[in-house]
Amino acid sequence: MTANMDIIRAEWQARTLAEYRAAAVAGEFLCWLIRLGFSPEVLQEAHRVVGNELRHAELCFEVYQGLGGDGDPLDVAEGCLVAHQGVGKPTFQRLVLACLDTFCIGGTLAQPLFEAMQSGATEAAPRQALDRIVGDGVAHVDFAWKVLDEAMEQDKKVVKGLAKTHLPSFFGKVEKSWGLLPEGWVEPVGPEELRHGLMPRVRYKRAFYQAVAEDLLPRLDSRNLPGRAAWGKRPRADK
Ligand SMILES: [Fe+2]
């Protein structure tokens, strides 16, 4: 069997955009952290995250170009590259919502997915990109939870209130992306595509639920945030 290069190219084009988006959102997040008086350690770490995400974007773009891609992955509406949580609300609330949604939930659950993709990637360029993404991921996850801890030091009541209100929808959204198989799904990713750093949905699903149970919910428990209650209340796309 030969690899389906159209699918592989499209995936790396999407990843390039996702990494640029991660860089843009991390840059916006850094501005909020500066304005809100977070610790110098967190600010420096946020700055490093922006640089790392830009490097991830470059590496993904190199993979895309190496596969013959000649489109512009950034040819999208500018609105795609901004943080969308809590628009119009005070900066502290926006920061907490983005921290929970994108950085804590998104980052913590993405890390094992990237690790699984990395383990199957044997082609040089995808492997190099995934090695870097996975290598930075642990520090990015630590950063996310450190920001949440400092936010709780600033105003625990507001963080808990926002978590209680918004965690169910954040969980529902991420489960739809990584946990559920779309109805009638025909898997296009096989062993050949795996070598280029792609992964079948069923493996996303397995890694996703394992990370929710073993990593995400315990981290919320340890901060006395209502993760388990919210998980039970998440909107279910299949109901
Ligand atoms: Fe990244």
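In this report, we go over the structure that sits alongside the text. Computed from a prediction, not measured in an experiment: that's the story for all the values here. (Residues numbered from 1 in each chain as written. Predicted model: local features only at pLDDT ≥ 70, side-chain atom pairs only at ≥ 80, totals over all residues.)

## Some remarks on the overall build of the chain
Tallying secondary structure elements over the chain gives 7 helices and 0 strands in all. In sequence order, the secondary structure elements of the chain are arranged as α-α-α-α-α-α-α. The globule rule puts the C-alpha radius of gyration for 239 residues at 18 Å, and the 18 Å found for the chain is close to it. Across the 239 residues that make up the chain, the buried fraction comes to 38%. The contacts of the chain with a sequence gap of at least 6 include a subset with a gap of at least 24, amounting to 79%. (Helix = DSSP H or I, 4+ residues; strand = E, 2+ residues; numbered from the N terminus. Rg over C-alpha atoms; globule rule 2.2 N^0.38 Å. Buried ≥ 20, exposed ≤ 12 C-beta atoms within 10 Å, placed from the backbone. Contact = placed C-beta atoms within 7 Å.)

## Some details on the nonpolar core
Among the nonpolar cores identified, the biggest contains 63 residues, and A26, F29, C60, V96, C99, L100 and A144 are the most heavily contacted of them. At the level of elements, α1 (5–35), α2 (40–66), α3 (91–120), α4 (124–179) and α6 (201–222) are the ones that each hand at least two residues to this core. Among the elements that take part in this core, α4 stands out by supplying 16 residues, more than any other. Once residues lying within four places of it in the same chain are set aside, the contact partners of C99 are C104, A144, V147, L148 and A151. (Core = buried A, V, L, I, M, F, W, Y, C linked by C-beta atoms within 7 Å.)

## Some thoughts on the packing of α2 against α4
Two elements in contact, α2 and α4, have axes separated by 9 Å at closest approach and are oriented at 155°. As judged from the angle between their axes, α2 and α4 are roughly antiparallel. The interaxial crossing formed by α2 with α4 has left-handed handedness. Two secondary-structure elements touch here, α2 through V42, E45, A46, V49, N52, R55, H56, L59, C60, E62, V63 and G66 and α4 through A125, P126, Q128, A129, R132, I133, D136, H140, F143, K146, V147 and E150. When the residues that make up the contact of α2 with α4 are grouped by side-chain class, the tally is 12 nonpolar, 5 polar and 7 charged. (Axes fitted to C-alpha atoms, helices over the stretch in contact; angles between N-to-C directions. Parallel < 35°, antiparallel > 145°, perpendicular 65-115°, else oblique. Left-handed = near helix turned anticlockwise from the far one by under 90°. Nonpolar A, V, L, I, M, F, W, Y, C, P; charged D, E, K, R; others polar.)

## Description of the environment of V174
Among the secondary structure elements, V174 is positioned in helix α4. The residues touching V174, leaving out its near neighbours within four places in the chain, are I105, G106 and L109.

## Things to note about unusual backbone geometry
Positive phi is not limited to glycine here, since N224 has a value of about 60°. In this structure, N224 sits in the loop between α6 and α7 (227–232).

## Details of the packing of α3 against α6
Contact geometry for α3 and α6: axes closest at 9 Å, N-to-C directions at 135°. One way to sum up the angle between α3 and α6 is to call them oblique. Crossing handedness for the pair α3 and α6: right-handed. Across the interface between the two elements, I105, T108, L109, P112, L113 and A116 of α3 pack against R203, Y204, A207, F208, A211, V212, D215, L216 and R219 of α6. A breakdown of the residues in the contact of α3 with α6 according to their chemical character gives 11 nonpolar, 1 polar and 3 charged.

## Quick notes on the environment of R127
Residue placement: R127 occurs in helix α4. Sequence separation between R127 and M117 is 10 residues; the distance between their C-alpha atoms is 8.9 Å. Ignoring sequence-local partners within four residues, the contact set of R127 consists of A121 and T122.

## As for α1
For α1, which comprises 31 residues, the first-to-last C-alpha distance of 45 Å matches the rise-based estimate of 45 Å (1.5 Å per residue) to within 8%. Following α1 by one or two positions, G37 adopts a phi angle in the positive range, close to 70°. (Expected span 1.5 Å × (residues − 1).)

## Description of α4
Here α4 contains 56 residues, and its C-alpha end-to-end distance of 29 Å is more than 12% below the 82 Å for a straight helix at 1.5 Å per residue. When the local axis directions of α4 are compared, the greatest deviation, roughly 120°, occurs at D155. (Bend = angle between axes of the 7 residues up to and from the residue.)

## Regarding the environment of G179
When you line up the elements, G179 lands in helix α4. Here the alpha-carbon distance between G179 and Y204, two residues 25 residues apart in the chain, equals 6.7 Å. If sequence neighbours within four positions are ignored, G179 has contacts with K205, F208 and Y209.

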